[in-house]
Amino acid sequence: MNDKILTLIEAAQLLAIPGSDPHDAEVQLADAIESGRLHASVKRWATEQWEGRLLPGNINRRETYIDRAELQDWLARRLT
């Protein structure tokens with residue numbers, strides 16, 4: 001995949017604090033996507049397709065893509 005595009009899993013791994021549960025970062029990203037604060041190309045699970053722990057909006061963590069620049073912008077806005 002393009003190094004400028006991350007899956008939600010990859011973005012969460014970048015955000016996760018060592019020793020923490022990456023799912024917490026996935027939930028933060030999903031919340032930001034759902035609220036419109038973070039742009040992403042979103043794929044959602046149908047109810048019967050859920051895999052593992054759920055994310056807000058039934059977001060598919062493997063097939064939702066975030067542009068690295070969008071992620072950086074979102075992180076910068078969070079710090080201000």
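Residue positions are given per chain, counted from 1 along the sequence in the order it is written. Restriction of local features to residues with pLDDT of at least 70 applies here, the model being predicted, together with a cutoff of 80 or more for giving and counting side-chain atom pairs; totals for whole chains, interfaces and linings are based on all residues. Note that the side-chain values use all heavy atoms of the structure and ignore hydrogens as well as water.

(A) Structural context of the nonpolar core. Grouped together as the largest cluster of nonpolar side chains are 16 residues, with contacts concentrated most on Leu 29, Ile 33, Leu 38, Ile 66 and Leu 71. The set of elements that each furnish at least two residues to this core consists of helix 1 (8-15), helix 2 (22-35) and helix 3 (68-79). Here a helix means four or more residues in a row that DSSP labels H or I, a strand means two or more in a row labelled E, and each is numbered from the N terminus. It is helix 2 that contributes the most residues to this core, 5 residues altogether. The contact criterion used is simple: two residues touch if any of their non-hydrogen atoms lie within 4.5 Å. Setting aside residues up to four positions removed in sequence, Ile 66 forms contacts with Lys 4, Ile 5, Leu 6, Leu 8, Ala 11, Ile 33, Leu 38, His 39, Ala 40 and Leu 71. We define the nonpolar core as a collection of buried residues of types Ala, Val, Leu, Ile, Met, Phe, Trp, Tyr and Cys that are connected through side-chain atoms lying within 4.5 Å of one another. A 1.4 Å probe rolled over the protein chains alone gives each residue an accessible area, and that area as a share of the maximum for its type sets the label: buried under 20%, exposed over 50%, partly exposed in between.

(B) Focus on the packing of helix 1 against helix 3. To define axes, lines are fitted to C-alpha atoms, for helices over the stretch in contact only, and angles between the resulting N-to-C directions are given on a 0 to 180 degree scale. One way to put it is that helix 1 packs onto helix 3 with a least axis distance of 12 Å and a crossing angle of 40 degrees. Here helix 1 is positioned oblique relative to helix 3, judged by the angle of their axes. Here helix 1 and helix 3 pass one another in a crossing that is right-handed. Each of Ala 11, Leu 14 and Leu 15 in helix 1 lies in contact with helix 3, whose residues at this interface are Arg 68, Leu 71, Trp 74 and Leu 75. Within the contact of helix 1 with helix 3, the residues separate by chemical class into 6 nonpolar, no polar and 1 charged. Here roughly perpendicular refers to angles of 65 to 115 degrees, roughly parallel to angles under 35, roughly antiparallel to angles over 145, and oblique to all remaining angles. By definition, any crossing whose near helix is turned counterclockwise from its far helix by less than a right angle is left-handed, and any crossing with a clockwise turn is right-handed. The classification used treats Ala, Val, Leu, Ile, Met, Phe, Trp, Tyr, Cys and Pro as nonpolar, Asp, Glu, Lys and Arg as charged, and all other residues, Gly among them, as polar.

(C) Here's a closer look at the side chain of Thr 7. Considering the arrangement of structural elements, one finds Thr 7 in strand 1 (residues 5-7). Owing to a relative accessible area of 13%, Thr 7 belongs among the buried residues under this scheme. In contact with Thr 7, other than residues within four places in its own chain, are Arg 61, Arg 62, Thr 64 and Tyr 65.

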